[in-house]
Amino acid sequence: MKRSNNSPIYVVAICGSLRKGSSTHAALQIALSGAKDAGAEVELLQLSAYDLVFQGSVANEDDYPAGVFKLREKVKRADGILLGSPEYHGSFSGVLKTALDLMGFDEFENKIVGLIGVSGGRMGAANALSMLRTVSTALHAWVVPKDASIPNSSNAFDAEGNLHDAELAARLKAVGQQVTEFAALRNSA
């Protein structure tokens, strides 16, 4: 898929887990493969690489670490955004909340967003997805209809990060594809 200026649609995935080898990371990789299959240029953003600070912990925003501005710039440049999080205590992760708090309308307004949640339990990540939808809407983003919730995440993936459930893998890919397709439609308007 191309932007109106003929460059590819750019889709970033923000991983709301800091754990190495996390199921959130694996799920986002699958969703990004769907975006890439749809013609997007893709990038997975690992929040541990951006020196995040709590909003308000630094008196002057100009004094934020350089990583905060780097993260903002990548998200601002994106046409589509995938937000992925484990469900912790009935919500999405604190590190993802911190990242979102450090951004705003400049990064999200009128962007296309896809949501992915993982959960260690069998109920899935419905609460995390619902709250991410609310936050995305508050940031004036457009959330695609498809989302993906992965239950029992510790047993859902093989050692290479592939899902055992082919239907769930297809759903993850579809989220990435839908973000790419909707971003291309939005950019062509």
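Here the structure is a predicted model, which means the values were calculated and not measured.

As a further point, take the overall build of the protein chain. Within the protein chain, the regular secondary structure consists of seven helices and five strands. Seen in sequence order, the protein chain has helices and strands lined up from the N terminus as β-α-β-α-β-α-α-β-α-β-α-α. Its C-alpha atoms give the protein chain a radius of gyration of 16 Å, near enough to 16 Å, the size a compact globule of 189 residues would have. Seen along its three principal axes, the alpha-carbon backbone of the protein chain occupies a region of about 45 × 40 × 25 Å. Each of the 189 residues in the protein chain was classed as buried or not, and the buried ones make up 50%. Restricting the contact set of the protein chain to residue pairs at least 6 apart, pairs at least 24 apart contribute 75%. Within the structure as shown, the protein chain displays about 9200 Å² of accessible surface, and the carbon and sulfur contribution to it stands at 50%. Distance between charge centres in the protein chain, computed from 18 positive and 20 negative side chains, equals 3 Å.

Now for the packing of aromatic side chains. Throughout the structure, instances matching the rule amount to one aromatic pair. With a centroid separation of 6.3 Å and 35° between ring planes, the pair formed by Y64 and F69 is classed as tilted. Among the residues examined, Y64 registers a relative accessible area of 8% and is labelled buried.

Our focus in this paragraph is the environment of L96. Tracing the backbone shows L96 in helix α3 (residues 94–101). What makes L96 buried here is its relative accessible area of 0%. Look past the residues within four positions of L96 in its chain and what remains in contact with it is I14, G16, L47, L83, G84, S85 and L132.

In total, this model carries five salt bridges according to the counting rule given. The salt bridge involving D37 is made with K173; its shortest N-O contact spans 3.5 Å. Of this pair, D37 sits in helix α1 (residues 23–37) while K173 is found in helix α7 (residues 166–188), placing the two residues 136 residues apart along the sequence.

On to the pairing of strand β5 (residues 142–150). Bridge count between strand β4 (residues 112–118) and β5: six bridges; the pairing is parallel. Residue pairing across strands places V113 opposite V143, the latter belonging to β5. The parallel pair β4 and β5, bridged by helix α5 (residues 126–138), forms a crossover whose chirality is right-handed.

For the rest of this paragraph, the subject is the nonpolar core. Core analysis: the largest hydrophobic core is formed by 30 residues, its most contacted members being V11, L82, I116, I150, F157, L163 and L172. The set of elements that each furnish at least two residues to this core consists of β1 (10–15), α1, β4, β5 and α7. Excluding residues within four positions of it along the chain, L172 makes contact with A27, I30, A31, I116, A148, I150 and L163. If you look at the next biggest cluster of nonpolar residues, it comprises 27 residues, including Y10, F92, F108 and L115.

Turning our attention to α3. For α3, the set of buried residues is V95, L96, T98, A99 and L100. Where α3 is buried, its residues meet β1, α2 (66–77), β3 (80–86), α4 (105–108) and α5.

Positive phi, normally seen in glycine, also occurs at D51, with a value near 50°. For D51, the position within the fold is in the loop between β2 (41–46) and α2. Residue H89 is not a glycine yet carries a positive backbone phi of 50°. Examined against the element boundaries, H89 turns out to sit in the loop between β3 and α3.

About the cut-offs
Residues numbered from 1 in each chain as written. Predicted model: local features only at pLDDT ≥ 70, side-chain atom pairs only at ≥ 80, totals over all residues. Heavy atoms only, no water. Helix = DSSP H or I, 4+ residues; strand = E, 2+ residues; numbered from the N terminus. Rg over C-alpha atoms; globule rule 2.2 N^0.38 Å. Buried < 20%, exposed > 50% of the residue type's maximum accessible area, 1.4 Å probe, protein only. Contact = heavy atoms within 4.5 Å. Areas by Shrake-Rupley, 256 points an atom, 1.4 Å probe, with all protein chains shown as cover. Lys, Arg positive; Asp, Glu negative; His and termini not counted. Charge placed at Lys NZ, Arg CZ, Asp CG, Glu CD. Phe/Tyr/Trp six-rings, centres within 6.5 Å; stacked < 30°, edge-to-face > 60°. Salt bridge = Lys/Arg side-chain N within 4 Å of Asp/Glu carboxyl O. Pairing = 2+ DSSP bridges. Right-handed = clockwise from strand over helix to strand, strands pointing away. Core = buried A, V, L, I, M, F, W, Y, C linked by side-chain atoms within 4.5 Å.

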